[in-house]
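# Structural characterization, general
So the chains spell out like this:
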Amino acid sequence: MLTSETLSEHPEDPHGFKRRGMMFVLSSPSGAGKSTIAGKLLHANPELQVSVSYTTRPIRPGEVDGVHYHFTDLETFRQMVANHEFLEWAHVFDHRYGTPKAQVWNALEQGHDILFDIDWQGAQQLHQLAGGDVVRVFILPPSMPILRDRLIGRRTDSMDVIDARMARAANEVSHWDGYDYVLVNDDVEECFECVKTILAAERLKRSRQTGIIGFIRKLLR
Ligand code: ADP
Ligand code: 5GP
């Protein structure tokens, strides 16, 4: 018999089976398009939860505290590290960024998928911590000149900051082999379709479909 042990309350779950959630990580060199893809993914999958990181970097025009990041000072960040409040944290561009632990494990057990926009250091730490619960997707630009054009076109950074991001980009790209999936964001719609497909396929992974056992028993009865 199919019971609440086997059936999911989430309409997006394949075949309606109860499922363990995943940590869906999107990384890219800055400017390659990860925020654009993440925005599209959230629009198409509003049930995705978003991990809102803490950062010591200054807020940018258009950003909202508590939505894009929790903006905080260095002392508070250090205290949070000392209190083990982060799943992972890293130095990025002279600032500190960290993923808060709060509610992640609960959310996974309840079958929620969580989207993370974090760098390769964060992806590596999450993978070490939670292996099978983590899906790592890396987005590449079609070329370095196009990456620079996108950073300029975004109009959020000064030329100095853009130069610093470009200087760091080659290092970030060199970590491509720490990911499960690697995509080139040439046509944004094509890239987005690939990311959607990865999410759908990962939801079907046997190890995540914790509720399928009830169905199998019924099938074989
Ligand atoms: P990231 O989050 O990786 O730093 P963004 O998503 O902010 O990058 O994208 C950087 C800029 O490039 C934005 O202005 C965005 O609109 C643009 N962009 C993203 N993907 C593409 C694409 N496939 N083709 C052209 N422009 C793109
Ligand atoms: P930005 O300052 O442009 O928002 O982000 C800079 C970089 O920091 C991006 O590559 C972003 O993915 C990464 N980042 C954001 N939050 C976190 C986090 O909590 N942990 C780690 N490791 N990286 C993060």
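Residues numbered from 1 in each chain as written. Chains lettered and ligands numbered in written order. Predicted model: local features only at pLDDT ≥ 70, side-chain atom pairs only at ≥ 80, totals over all residues. Heavy atoms only, no water.

## Some thoughts on the site of ligand 1
The local shell around ligand 1 holds 15 residues, among which Gly31, Ser35, Thr36, Arg154 and Asn185 are the closest. In this structure, an oxygen atom belonging to ligand 1 sits 3.0 Å away from a main-chain N or O atom of Gly33. Measuring from a nitrogen atom of ligand 1, one finds a backbone N or O atom of Val188 at 3.3 Å. Computed on the free molecule, ligand 1 has an accessible area of 560 Å², of which 75% lies beneath the protein chains in the complex. Residue assignment for the shell around ligand 1 shows that the elements contributing at least two residues are helix H1 (34–44) and helix H5 (144–154). Ranked by residue count, the leading element in the shell around ligand 1 is H1, at 3 residues. By residue class, the composition of the shell around ligand 1 is 3 nonpolar, 7 polar and 5 charged. (Near = heavy atom within 4 Å. Polar contact = N/O pair within 3.5 Å; in protein donor to acceptor, adjacent residues only side chain to side chain. Areas by Shrake-Rupley, 256 points an atom, 1.4 Å probe, with all protein chains shown as cover. Helix = DSSP H or I, 4+ residues; strand = E, 2+ residues; numbered from the N terminus. Nonpolar A, V, L, I, M, F, W, Y, C, P; charged D, E, K, R; others polar.)

## What about the site of ligand 2?
In the vicinity of ligand 2, 17 residues are found, and the nearest of them are Ser53, Arg57, Tyr69, Tyr97 and Asp117. At 2.5 Å, a side-chain N or O of Tyr69 approaches an oxygen atom of ligand 2. One of the side-chain N or O atoms of Arg165 is found 3.4 Å from an oxygen atom in ligand 2. Protein coverage of the free-state accessible area of ligand 2, which is 510 Å², stands at 95%. Considering only residue class, the shell around ligand 2 consists of 6 nonpolar, 4 polar and 7 charged.

## Observations concerning helix H7 (residues 188–203)
Each α-helix winds once per 3.6 residues, and so residues spaced three or four apart point in a common direction. An ideal rise of 1.5 Å per residue puts 22 Å on 16 residues; H7 measures up with 23 Å between its terminal C-alpha atoms. All of the buried residues along H7 are Cys191, Phe192, Val195, Ile198, Leu199, Glu202 and Arg203. End-on view of H7: buried residues confined to an arc of 135°, all on one side of the axis. The outward face of H7, more than 90 degrees from its buried face, is lined by the exposed residues Glu190 and Thr197. One side-chain oxygen of the residue at the start of H7 lies 3.0 Å from the amide nitrogen of Glu189, identifying that residue as Asp187. (Expected span 1.5 Å × (residues − 1). Buried < 20%, exposed > 50% of the residue type's maximum accessible area, 1.4 Å probe, protein only. Arc of directions from axis to C-beta.)

## Focus: the pattern of salt bridges
Applying the stated criterion across every chain, the model contains 19 salt bridges. Note that Arg57 is salt-bridged to Glu63, the shortest N-O span being 2.8 Å. Each of the two residues, Arg57 as well as Glu63, counts as buried. Several salt bridges converge on common partners, so that one network encompasses Arg57, Arg60, Glu63, Arg154, Asp157 and Arg165. (Salt bridge = Lys/Arg side-chain N within 4 Å of Asp/Glu carboxyl O.)

## Focus on the UniProt feature "binding site: ATP" (unreviewed entry) in the protein chain
Under the UniProt annotation, the feature "binding site: ATP" (unreviewed entry) is placed at Ser28, Pro29, Ser30, Gly31, Ala32, Gly33, Lys34 and Ser35. Within the element layout of this structure, Pro29 appears in the loop between strand E1 (23–27) and H1. Ignoring any residue separated from it by four or fewer positions in sequence, one finds Pro29 in contact with Phe138, Ile139, Pro141, Leu147, Ala169, Glu172 and Val173. Topologically, Gly33 is positioned in the loop between E1 and H1. By relative accessible area, which is 14% here, Gly33 ends up buried. Other than its neighbours up to four places away in sequence, Gly33 contacts Ser28 and Asn185. (UniProt positions renumbered as here; feature names shortened; annotations may be inferred. Contact = heavy atoms within 4.5 Å.)

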